[in-house]
Each structure stands twice: as C-alpha cells, then as structure tokens.
Amino acid sequence: MTGITIILIYVLIFLAIYPFAIYPIILYILSKVNNRKIKNDEKFTPEITFLISAYNEELYIEKCINSIYNSEYPKDKITIFVGSDGSNDKTNSILDKLNKEHSTLNYEIFKRIGKNQVLNQLIKKANTELIYFLDGDMEIPSGTITKIVSYLADEKVGAAYCNIKMTHSSKDTGGLGEKLYQKFENFIRTKESQILTTVNSFGALLIRKSLISSGFPSDRILDDNYAVLNVSNQNFRVTYDNKVIINELRPKTLKDEFKRRIRIISAGLATFLYFKKALAFKKGYFSFFLYSHKIIRIFSPIYLILILCLSIIIEKSEVGKWLLMLQFLFYSSAFAGYALELLKAKIKIFKIPLFYLVMNFSFLLGIFRFLSSKQNSIWNNEGLEK
C-alpha cells in the first residue's frame, strides 16, 4: 500500500512541476526543430476597428484612446467603438468629450450587462476585416499597431498580440510575482507561436472578424481566451511578439491578482468546454498546448492538497518524512512572506513561494466558482459581481 501511495505522490509531483519546468523544455526543443516562420509585412496597413469595453475607466480611458490616434498608424484607417458597461464615474463624460474631437470615435452606453455582451454588440458594428480588442486601461506606444498588423499579412495567421508591460506595478508580492509570471508566460507564448499557435492571450488582441463574427457565446467564458482558442480551432495561427509592447496603466497588487485569477480560472474552465475536439486530443499541437499550458496548470492546487494528504498517510516511512519536511519548509516560507508583506519588508526570496501559494489558492476558488455555474464577465475593483 505504501509503495502505491508513493508512486501516486510522484505522479502528482510530476503534474505539479510539469507546466513550469518540463513543458518549457519540451517547447524549447520543439521550437528548434519545428520553427514555422510567418510572412509578416509592415507595408500591410488595412483599415482596423478597435473595440473597447469599459467600466469606470475614468483614470485611463482618455490615455488609451489618445494613444491609438497618436500612434504611427494612418488615422484614416482607424475606427474606434467603445461600450461603457454601466459606468458611474466620469468615463461617459470623457468619452463624450473625445467623441467631439475624433469623428471616428463612437461610443455607446449600456446598462450593466458584462464585458462579453458589450463586445458582442460592438462586433456587430465593426465593418472592417480586422478588429482589435483592447482593454480601457491600456496605452499603445508608437509602432505597435503596424508591427502587430503586419502578422495578419500572412493568410495563415488569424490573430496576433504582443507583450503587455506593467508601467505602474506595485512593489508588493502581487506586482513582483506578476512580473516574474509574465516573463515566464512570454517565453511559453513565444515558443508556442514559433511551433504553431499560442493558446493564451491577455487583454489586447488583433483578430480577423470572420473568425469571431458570432461573438462570445456566454457570460461565463473568458473573452480573450475564447477568441484565441476559437482561432486555433478553425486551423488558423495565433502569433505572439514579445518584443512589441502595449502598456498596462493599472497597478497590480497581490489582492488584485488574487481576485483576477479567480475570474480567469472560472471563466477559463467554462471556455475550454467549447472546444471538445481539442479536449479529445484531436487537434494536434493545439490539444497538446491547451493541456500543457492551461489545463494541467489550473489543477495545481488539487495536486498540492493530495500530495500533502498522501504524505501524512505515509508519514512513518522515510519518503513520507522527507516529503512532509519539504512541504513544511515551503508553506513556512510562504507564510513568512505574508508576514513580511504586512511589515512591508523587502525580502524578495519569500515573495516567490507566497505568490505561488496565493496563485494556487485563487485557482482553487476559481474551480469552485466554475462548478457553481456563476457568470464571469461582470466585475469591478472588488471582484466579480453576482
């Protein structure tokens, strides 16, 4: 019995470390032997429609919109539609002011219906083949639009996006952890793109309208992730450029990241159910990337809980003692990091286990929320609503 338990623990340990340690190595090797070049062309400058769903973005929406118009991209080829999702701050008055300054800026005020439903209404208004989903707290530097659009010159590419840079990251564990996490994600996205297609997105996505014309099917799904997976599911590539930047203006804190990940996990799980062929391993690299990058990682808290429980069961064995000691050190480090966080001490080494533990706890709550079948597209600074 002890032998079987130990084997099961090793399997769980493998699943826990696979997305973070083994999968990146596999991607690195595959990208060296199967690097599929994209025929991008920076002279390719078609008309684009930017779609922005905004809720109480008075601090950022003006910078976001002005950054689009002040970019290098031809102004006569830019149209913007903004949907204000029941905003009760100064967002609507700012949009009204900007509408008088820019003839191609359009906005509509909705009741609180959620991001997915707002975007569905805006997609119908877009008359261009390329649409650019953008969050209202983002700022586009000069040169970014042209570089991202250039990838869509390749007919095999259905969507493209770039690196999101946090310009005002807090110095707490949330800010530091998110920076490290995004560096890791940048590597994963880049290698998946080189091999075929990436299965992750983050707030800003250029996509062919024909691949998302039917909109988002539910208020439970994650809009940007659904768009990316839907492109890959239709056998088009989604590419990522780590060297091209979009600035995210909103600061990141540990509390903010905790709430955001609950929504992302719950909505992500609901999203995956729409891609049954990929889940059934019938989509080649797409299926492999989806499981390795997303699904196996999401269930990390389950692995950790089972490893602890099984270690307690075999605590009298030598393996059990070592496993319990290592877990004690890890969780102690995480709690030490939390204590130092409260004291505002700047000891970074303890922030990594704390971020990992908090991330997994948010994953667990996200799984529970998914099982409760609640919506995931209406949220505010306090977290998800309803």
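The coordinates are above.
Below is a short write-up of the structure. (Residues numbered from 1 in each chain as written. Predicted model: local features only at pLDDT ≥ 70, side-chain atom pairs only at ≥ 80, totals over all residues. Heavy atoms only, no water.)

Some words on the sheet that holds strand 7 (residues 204-208)
Selection criterion: Whether two strands pair depends on DSSP finding at least two bridges between them. Helix and strand assignments follow DSSP, with helices taken as H or I runs no shorter than four residues and strands as E runs no shorter than two, numbered in order from the N terminus.
The mixed open sheet is built from eight strands, whose spatial order is 3-2-1-4-7-6-8-5. The sheet is open, and its two edges are formed by strand 3 (105-110) and strand 5 (138-139), each paired on a single side. Taken together, the five bridges between strand 4 (residues 130-134) and strand 7 define a ladder with antiparallel strand orientation. Bridging from a neighbouring strand, Tyr132 pairs with Leu206 of strand 7.

Focus: the packing of helix 11 (residues 300-313) against helix 12 (residues 318-342)
A packed helix pair is summarised by two numbers, namely the angle formed by the two axes and the spacing between the axes. Our working rule: Lines are fitted to the C-alpha atoms to define the axes, a helix being fitted only along its stretch in contact, and any angle between axes, read from their N-to-C directions, falls within 0 to 180 degrees. Under this scheme an angle from 65 to 115 degrees is roughly perpendicular, one under 35 degrees roughly parallel, and one over 145 degrees roughly antiparallel; angles in between are oblique. The hand of a helix crossing depends on one turn: near helix anticlockwise from the far one by less than a right angle means left-handed, and clockwise means right-handed. Contacts are assigned to residue pairs with any non-hydrogen atoms lying within 4.5 Å of each other.
Two numbers describe how helix 11 lies on helix 12: the axes approach to 9 Å, and their chain directions differ by 135°. In terms of axis orientation, helix 11 runs oblique to helix 12. Crossing hand, helix 11 versus helix 12: left-handed. Contacts between helix 11 and helix 12 involve Leu304, Ile307, Leu308, Ser311 and Ile312 on the former and, on the latter, Gly320, Leu323, Leu324, Gln327 and Tyr331.

A look at unusual backbone geometry
Note the following rule: Exposure categories follow from relative accessible area, calculated using a 1.4 Å probe and restricted to protein chains: below 20% of the type maximum is buried, above 50% is exposed, and the middle band is partly exposed.
Not every positive phi belongs to a glycine, and Asn56 is a case in point at roughly 50°. Residue placement: Asn56 occurs in the loop between strand 1 (48-54) and helix 2 (61-69). Judged by its relative accessible area of 24%, Asn56 falls in the partly exposed class.

All we've got here are geometric facts, nothing functional implied.
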